[in-house]
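# Fold and geometry: a report
Listed here are the chains, written in short residue letters.
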Amino acid sequence: MKWYGLIDCDNFYVSCERVFDPSLENVPVVVFSNNDGCIIARSNEVKALGIPMGAPLFKYKDIIDRKGIKLFSANFSLYGDMSKRVMETISMFVKDMEVYSIDEAFVNFREMSTEMYNMALKIRVALKKWLGIPVSIGIGRSKTLAKIATHIAKTRTGSHVFLLLEDNEPLVLKDYPVGEVWGVGKQTKKLLSRFGIRNTLDLREANIRFIRSLLGINGVKLVREVNGEAVIGFEHRKFPKSITRSRSFKQPIEDINLLEAAIKRYVEMATEELRRYNLCAGRLAVYISTGEYAERKYSRSAERKFEVANAYTEEFMKISSLLLKRIFKGGYRYKKAGIILSDLSPCTNKVFSDLYENRINRILTEAVDKINSKWGKGTVSSVFSSIYKGRIEDEERRRASFHYTTSWKELVVVKA
DNA sequence: TCTGGGGTCCTAGGACCC
DNA sequence: TCTGGGGTCCTAGGACCC
């Protein structure tokens with residue numbers, strides 16, 4: 001019998017901050033997104049105050065001040081590096097794992113239940129001791145059941161490990177709202193509740209043909225998963241299927257030239273990432289939006305397929321302007337813009353055709369990459385990058401912690 | 001006044017083809 | 001007067017996830 005385990009870091013971003021500043025232990029801490037935007041991680045103390053995930057900061061300013069909540073700007077290079085260490089540590093204990101997100105990994109267990117439980121405890125202790133990161137671990141007959149088990153594990157303040165055995169499933173699922181199930185969002189929850197399906201046991205016992213007609217093929221998978229049938233397997237992707245770069249602007253933008261600079265800046269960032277993977281992209285999409293809360297809403301996207309996939313910044317910049325001109329409408333206050341590279345594939349020699357233009361692009365791109373890898377990120381960048389930094393990006397990141405693990409300058413120093 | 005960023009998968013309608 | 005059916009590709013957008 002194969003079991004699915006999910007190892008989920010507790011309040012991951014907050015935990016990362018706490019590793020390097022122990023004074024944050026047992027005090028309320030939040031990590032927030034760009035532009036003092038919204039809360040993307042909360043410590044247990046903050047959760048207990050009833051501040052929800054994704055809450056805009058301005059709405060909770062009062063309580064944050066009153067309770068002395070510690071604020072941090074997101075420090076993704078730190079979190080990414082800590083994540084890598086967590087995943088490496090887990091892989092020392094298990095043969096088969098899937099890195100599911102920055103703070104979660106699925107693992108397979110084949111042992112008997114008591115052995116599994118002990119193994120989970122061992123992993124948990126190792127992560128806490130070696131890295132200082134607390135985790136919760138849930139185990140069940142499918143990925144979806146493991147997700148539910150993990151959710152329950154978080155509330156088990158003692159062990160933080162929960163084994164969802166077949167005998168216990170009916171009891172547990174009856175108390176588990178269907179809206180909390182992995183893959184059931186707002187819309188699906190609303191739809192299901194209209195037909196009296198409110199808890200996960202209801203879902204499990206629903207007529208499969210009815211579900212098929214209501215939710216499509218994914219609904220069928222969902223029901224089978226909560227029935228303990230493992231239909232969602234492990235994925236081991238070597239590279240992403242798309243690369244996005246986008247930002248919300250603090251000040252809305254009305255000027256197409258400024259939007260163009262932003263778009264080209266994102267193209268520059270995304271193509272850098274593309275080349276890091278040695279990938280070429282066959283498709284570029286550009287989108288702009290006034291944001292959901294605007295009085296006059298407008299949002300459009302446009303895309304272009306390339307005859308030959310490539311990885312040249314210049315090439316994508318050129319097309320991005322054309323696409324932007326196609327979707328831009330004057331008189332709107334744009335709050336967000338972004339680009340997406342897709343149809344990604346490993347670069348082949350075909351790309352480096354002898355077209356004059358491509359040869360120039362290639363030489364330029366390679367030179368830029370070489371300089372930046374030797375002298376540091378951003379040593380040379382496009383003119384749009386400086387326009388962007390000067391006129392659009394005004395983020396100070398005052399509250400960001402140091403790059404403790406990824407910058408020599410910001411290493412922790414231990415004084416004797 | 002002020003609401004993130006990066007992903008995956010699915011669907012629906014139109015164009016086009018045989 | 002009567003005007004098919006099915007497949008594929010493209011584009012745009014929606015739902016969901018962390």
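Small disclaimer: the values here were computed from a predicted structure and weren't measured.

## Re the protein's contact with DNA strand C
Among the 19 residues in the neighbourhood of DNA strand C, the closest are listed as Ser101, Glu104, Lys147, Gly183 and Thr188. Gln187 places a main-chain nitrogen or oxygen 3.1 Å from a phosphate oxygen of DNA strand C. Here a phosphate oxygen of DNA strand C sits 3.4 Å away from a polar atom, N or O, in the main chain of Glu303. Of all the secondary structure elements, the ones that give two or more residues to the surface near DNA strand C are β5 (97-101), α8 (186-194) and β11 (299-310). Of all the elements, β11 adds the most residues to the surface near DNA strand C, at 5 residues. Among the residues making up the surface near DNA strand C, the classes are represented as 5 nonpolar, 6 polar and 8 charged.

## As for the pairing of β5
As a general feature of sheets, a regular strand has side chains that alternate between the two faces. Pairing of β5 with strand β6 (residues 104-109) involves 4 bridges; the strand directions are antiparallel. Looking at β6, one finds that Ser101 is bridged to Glu104. Where β5 hands over to β6, the hairpin turn is made up of 2 residues, counted between the paired strands.

## Some details on the protein's contact with DNA strand B
Taken together, 21 residues form the shell around DNA strand B, and within it Ser33, Ser242, Thr244, Ser246 and Lys335 come nearest. Taking the atoms of DNA strand B that fall within 4 Å of the protein, sugar and phosphate contribute 66% of them. Separating a phosphate oxygen of DNA strand B from a side-chain N or O atom of Ser242 is a distance of 2.7 Å. Ser246 has a polar backbone atom sitting 2.7 Å from a phosphate oxygen of DNA strand B. Examining the composition of the surface near DNA strand B, we find that 7 residues originate from one element, strand β9 (residues 242-253), more than from any other. When its residues are assigned to classes, the surface near DNA strand B shows 7 nonpolar, 8 polar and 6 charged.

## Considerations on a nonpolar patch on the surface
A cluster of nonpolar side chains, namely Ile371, Trp375 and Val380, defines an oily patch on the protein surface of about 300 Å² accessible area. Mapped onto the elements of the fold, Val380 is located in the loop between α14 (356-375) and α15 (383-391).

## A word on the sheet that holds strand β4 (residues 70-73)
Two strands in a sheet stick together by hydrogen bonds in their backbones, pointing the same way (parallel) or opposite ways (antiparallel). Taken in spatial order, the 3 strands of this open sheet run β3-β2-β4, and their pairing is mixed. Each edge of the sheet is formed by a strand with only one pairing partner; in this case those strands are β3 (39-42) and β4. Direction aside, the axes of adjacent strands within the sheet are offset by 25° on average. Where strand β2 (residues 29-32) meets β3, 3 bridges bridge the pair, whose relative direction is antiparallel. Following the sheet pairing, Phe32 is matched in β3 by Ile39. This element, helix α1 (residues 12-20), spans β2, β3 and β4 of the sheet and lies at about 115° to β2.

## Let's talk about the packing of α1 against helix α4 (residues 76-91)
Where α1 meets α4, the axes come as close as 10 Å, and the angle between the chain directions of the two elements is 90°. Overall, the two elements α1 and α4 adopt an arrangement that is roughly perpendicular. Residues Phe12, Tyr13, Cys16, Glu17, Val19 and Phe20 of α1 pack against Phe76, Leu78, Tyr79, Met82, Ser83 and Val86 of α4. Residue composition of the contact of α1 with α4, by class: 10 nonpolar, 1 polar and 1 charged.

## Brief notes about the side chain of Ser136
Relative to the helices and strands, Ser136 resides in strand β7 (residues 135-140). On the basis of relative accessibility, which here comes to 0%, the residue Ser136 falls in the buried class. At a separation of 2.8 Å, a polar atom in the side chain of Ser136 contacts the side chain of Asp10. Within the local environment of Ser136, its side chain forms a polar contact with the side chain of His160, the two groups lying 2.9 Å apart. For Ser136, the contacting residues outside a window of four places in its chain are Leu6, Ile7, Asp8, Asp10, Thr150, Ala153, Lys154 and His160.

## Re the state of the cysteines
Taken as a whole, this structure holds 1 disulfide when the rule is applied. Across the disulfide, Cys280 is cross-linked to Cys347 (sulfur-sulfur distance 2.1 Å). What sets the handedness of the Cys280 and Cys347 disulfide is the S-S torsion sign, and at about 110° it is right-handed. Separated by 67 residues along the polypeptide, Cys280 in strand β10 (residues 279-289) and Cys347 in the loop between β12 (334-346) and α14 bring together distant segments of the chain.

## Quick notes on the nonpolar core
Leu259, Ile288, Ile339 and Leu341 are the most contacted members of the largest nonpolar core, which has 39 residues in total. Elements that contribute at least two residues to this core include exactly β9, α12 (256-276), β10, β11, α13 (313-327), β12 and α15. No other element matches α12, which puts 10 residues into this core.

Procedures and definitions
- Along each chain, the written sequence defines residue order, and numbers are assigned to residues from 1.
- Here every chain gets a letter starting at A, and every ligand a number starting at 1, in the order they are written.
- This being a predicted model, a pLDDT of at least 70 is required before a residue's local features are given, and a value of 80 or more before pairs of side-chain atoms are given or counted; all residues contribute to the totals for chains, interfaces and linings.
- With hydrogens and water excluded, all non-hydrogen atoms of the structure serve as input to the side-chain values.
- We call a residue near a molecule or strand when any one of its heavy atoms sits within 4 Å of it.
- Two N or O atoms form a polar contact when they lie within 3.5 Å of each other; inside protein one atom must be a possible hydrogen donor and the other a possible acceptor, and for residues adjacent in sequence the pair counts only when both atoms belong to side chains.
- Each helix is a run of H or I in the DSSP string that is no shorter than four residues. Each strand is a run of E no shorter than two, and both are numbered from the N terminus.
- Nonpolar residues are Ala, Val, Leu, Ile, Met, Phe, Trp, Tyr, Cys and Pro. Charged residues are Asp, Glu, Lys and Arg, and all others, Gly as well, are polar.
- Strand pairing follows a simple DSSP-based rule, namely that at least 2 bridges must link the two strands.
- Each patch is built from residues that are more than 30% exposed by relative accessible area and take part in no salt bridge. Like charges join if they lie within 9 Å; nonpolar side chains (Val, Leu, Ile, Met, Phe, Trp, Tyr) join within 5 Å.
- Here the accessible surface of atoms and residues is derived via Shrake-Rupley with a 1.4 Å probe, and residues count as covered only by protein chains that are part of the display.
- Any Lys or Arg side-chain nitrogen found within 4 Å of a carboxyl oxygen on Asp or Glu counts as a salt bridge.
- For helices, the fitted line uses only the C-alpha atoms of the stretch in contact; every axis is such a line through C-alpha atoms, and the angle between N-to-C directions lies from 0 to 180 degrees.
- Should any heavy atoms of two residues lie within 4.5 Å, those residues are considered in contact.
- Geometric relationships in this document are graded by angle, where less than 35 degrees denotes roughly parallel, more than 145 denotes roughly antiparallel, 65 to 115 denotes roughly perpendicular, and other angles denote oblique.
- Residue exposure (1.4 Å probe, protein chains only): buried if accessible area is under 20% of the type maximum, exposed if over 50%, otherwise partly exposed.
- Cysteine sulfur atoms are paired as a disulfide whenever they fall within 2.5 Å.
- Definition of nonpolar core: a set of buried residues of the types Ala, Val, Leu, Ile, Met, Phe, Trp, Tyr and Cys, connected through side-chain atoms within 4.5 Å.

Fair warning: the whole summary comes from geometry, so function is off the table for now.
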